[in-house]
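# Structural description and commentary
Each chain, letter by letter, is given below.
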Amino acid sequence: MEAMRRLYAGYPAPEQGLATLTALIDAPRAWRRWIRPQAAIDGDFTLPGAIPMAIRHGLLAMEMAMNMQVALGERRHLLLHAAAIERGGKALILPGESGSGKSTLAALLGEQGWRLMSDEFVMIDLVTGLALPFPRPISLKNSAIPVMEALIADSSRFGPLLSDTPKGMLRHLRPSARSIAAMDVPAKPALILFPRFGDDAAAAGISQSELFMRMTEGSTNYVALGQPAFETLIEMVRTIPAASFSYPDTATGLAIVEQFCAEAGL
Amino acid sequence: MNDARVLTRALADPISAIEIKPADWPALLSIARAERLDGSLGYRLADLPLPDAVRSALDQARRDAEAGRVQALWEVEMVHRAFRASDLPLILLKGSAFAYAGLPAAIGRQIGDLDILLPRDSLQAAEEVLLANGFEWVKNDDYSQGYYRQWMHELPPLIHRDRGSAVDVHHTILPLTARRTPNAAALIDASVALRPGIHILSPADMIVHAATHLLADGDLAGGLRNLWDIDRLLRLFSVDRDFWPALGRRAVLHEMREPVALALRLASNIFATPVEPRIAGHDRMRDSLFTRRLLARDGWGRETRPISRLGFYVRSHWMRMPPMMLARHLWTKARAG
């Protein structure tokens, strides 16, 4: 609880203290409170078969429980599994699975003149087509942790270092104060880039039909939202330039992103 | 706050929701989601002056229910098209029936599988049509197939390979092994055509089925939603003065007099549903056990009262099959892991 309070220091409290979603971590069996205690992920919306975690990874379990509520429960906006950053009112959307490096790229750019909008979920307004921020703490993994520690002097923005999690080494990073202060300020999606960490530097275009398919795959509520989501997504793939790129190291990745942004006028 | 009364009160008396304190809303919303009544709550509280965050959450629940309704109606249409070619009748049950008929129980209701009822001698033909139209067995092992076919009131569950939707094909409304034997032929004879080839149960039979589903065929998990169905349906059907006598007759015909009476008393107790006292009978001591079980939720939406739940779980199996058969069933299930 203490770790959560510190990680979320500076976030505004809900109006009248009224929360409308419940995320929960709890002992999967009563005796797991005492013997090798575990935290099971729970809440209003749940997936069967989620594996309980060791209690010392409770902070990660809680973040995952919150993510699950959003992924399964959100019905106001089209939800994209992507990071997003903003500059000059225009948003760059970085979709990708975990391991693609989207969080790391977004976290780095979020400290270098861009505003971090989200590292996990981008919400698209079904009426305006604007991207809405969701600046929750960034989960830095493995080699991304020392990179960000070197860049950010303020250690209070980091959560505790969690080792041996199912995702390896993990440490949460609170987004910048500017990012949190602007959590209600939307931006117009102007470019979509699919990063892939690991291979030699290369870039490739993406056709509109491929983009559409990739975006539906990366959305947890596209099907549930029905026609409005279809129309919003069609409009997005018709108007927003998109490409994929691979990169061997972070510096190269950043350079490729900046080059694409220059071409797209971002 | 120690049980789901906060939800049942808001559903039965929406105006009372204006008085709910901000600190109590999270529990109400969690319990509503856990009982799959958030869509129903969303419509009941739609026009009230509530906090913005609550209105937004309820709006979301309404959208979800509406998308589900469209999906369910589409599923009815697809199965209807498949059946029409073979001249098979289609009697809709539960959520799909409420939605297709536009009954008040459908407002905001989540609809799960498509449940349909067919004469037992049409079962083979229906199975072939469904398999030919993209449906596949979920459980294709010999024990499951044999278990369903020999003892149950439905075919083993089928899922469509493209749409992912499930259809449950019933030939009656209780397992063949259950203590009570509803009259399936009478259910089918009295069914009401909404359009050629698509039927729903008659009003009285619909209540008998809802009471069966709530009390005679399960451990009451998610029972509040079934009881809310009963409330919504009774308030509409009882406008017809022939309805209560018909319900009394059909309950006896289907060997469901006590479950129907108990369902009426529970609806009256929990949702203040107006019911006919001659059918509902007097409150009994054990009614409170059912009420406690139905309302067993904590402020996080989690189930409480484990002993009550276990009792009702055992009861559900006890009603479904004789003891030796139960022992054999549980033994096989346990070995299959």
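The structure this text deals with has already been given above.
Described in the following lines is the structure provided in the data block.

Rules used throughout
Residues numbered from 1 in each chain as written. Chains lettered and ligands numbered in written order. Predicted model: local features only at pLDDT ≥ 70, side-chain atom pairs only at ≥ 80, totals over all residues. Helix = DSSP H or I, 4+ residues; strand = E, 2+ residues; numbered from the N terminus. Rg over C-alpha atoms; globule rule 2.2 N^0.38 Å. Buried ≥ 20, exposed ≤ 12 C-beta atoms within 10 Å, placed from the backbone. Contact = placed C-beta atoms within 7 Å. Nonpolar A, V, L, I, M, F, W, Y, C, P; charged D, E, K, R; others polar. Pairing = 2+ DSSP bridges. Axes fitted to C-alpha atoms, helices over the stretch in contact; angles between N-to-C directions. Parallel < 35°, antiparallel > 145°, perpendicular 65-115°, else oblique.

Of regular secondary structure, chain A possesses 9 helices and 14 strands. Here the C-alpha atoms of chain A give a radius of gyration of 18 Å, agreeing with the 18 Å that 2.2 N^0.38 yields for 266 residues. With respect to the principal axes defined by its C-alpha atoms, chain A has extents near 55 × 45 × 35 Å. Per-residue burial for chain A yields a buried fraction of 42% across its 266 residues.

Scanning chain B from N- to C-terminus turns up 16 helices and 7 strands. Compactness check: chain B gives a C-alpha radius of gyration of 20 Å against a globular reference of 20 Å for 337 residues, within 12% of the reference. Considering only C-alpha atoms, chain B reaches an extent of 55 × 50 × 40 Å along its principal axes.

Another aspect to go through is the interface of chain A and chain B. Frequently, the measure chosen for interface size is the accessible area that the parts lose on association. Taken together, the contacts link 15 residues of chain A with 19 residues of chain B. Split into classes, the residues belonging to the side of chain A that touches chain B amount to 6 nonpolar, 5 polar and 4 charged.

A word on the sheet that holds strand S2 (residues 114-117) of chain B. All names here are of chain B. Overall, mixed pairing links the 7 strands, which are arranged S3-S4-S5-S2-S1-S7-S6 in an open sheet. The sheet is open, and its two borders are formed by strand S3 (135-137) and strand S6 (192-195), each paired with just one other strand. Each strand axis lies, on average, 40 degrees off the axis of its neighbour in the sheet, ignoring direction. In this structure, strand S4 (residues 158-160) lies alongside strand S5 (residues 166-170), joined through 2 bridges in antiparallel fashion. Pairing of Leu158 across the sheet is with Val167, part of S5. Sheet strands touched by helix H4 (residues 52-85): strand S1 (90-92), S2, S5 and strand S7 (198-200). Its angle to S1, the strand with the most contacts, is close to 160 degrees. Taken strand by strand, helix H5 (residues 94-101) contacts S1, S2, S6 and S7, and its axis lies near 110 degrees from that of S7.

Here the focus is the packing of H4 of chain B against H5 of chain B. All names here are of chain B. The geometry of H4 relative to H5 is characterised by a closest axis approach of 10 Å and an angle of 95 degrees between their N-to-C directions. Taken together, the axis directions place H4 and H5 in an arrangement best described as roughly perpendicular. Along the contact surface, H4 presents Arg69, Ala72, Leu73 and Val76, while H5 presents Gly95, Ser96, Ala99 and Tyr100. The residue makeup of the contact of H4 with H5, split by class, is 5 nonpolar, 2 polar and 1 charged.

What follows deals with the sheet that holds strand S1 (residues 23-26) of chain A. Residue and element names in this part refer to chain A. With antiparallel pairing, 3 strands are arranged side by side in an open sheet as S1-S2-S3. Each edge of the open sheet is held by one strand with a lone partner, namely S1 and strand S3 (53-54). Alignment of strand S2 (residues 38-43) against S3, held across 2 bridges, turns out to be antiparallel. Bridge assignment links Gln38 to a residue of S3, and that residue is Ala54.

So, on to the environment of Leu294 of chain B. Structurally, Leu294 of chain B is set in helix H14 (residues 287-294). With near-sequence residues (within four places) excluded, Leu294 of chain B lies in contact with Leu220, Gly223, Leu224, Leu227, Leu266 and Ile270 of chain B.

Okay, unusual backbone geometry next. Note: most peptide bonds trans; most residues except glycine with negative phi. Residue and element names in this part refer to chain B. Phi is positive for Asp87, which is not a glycine, with a value near 65 degrees. Considering the arrangement of structural elements, one finds Asp87 in the loop between H4 and S1. The exposure class assigned to Asp87 is exposed, which follows from the 9 C-beta atoms found within 10 Å. Backbone geometry at Glu255 places phi at a positive 60 degrees, although glycine is not the residue there. Relative to the helices and strands, Glu255 resides in the loop between helix H11 (243-253) and helix H12 (257-271).

Residues and elements named next belong to chain A. For strand S7 (residues 121-125), the buried fraction is high: 4 of the 5 residues fall into the buried class. Relative to S7, strand S4 (residues 77-87) is paired through 5 bridges, and the arrangement is antiparallel. For Leu79, the partnering residue across the bridge sits in S7 and is Met123. The pairing of S7 with strand S8 (residues 131-132) spans 2 bridges and is classified as antiparallel. Directly across from Met123, in S8, lies its bridge partner Leu132. Linkage of S7 to S8, two consecutive antiparallel strands, is achieved through a turn of 5 residues, within which Gly129 is found at a positive phi near 75 degrees.

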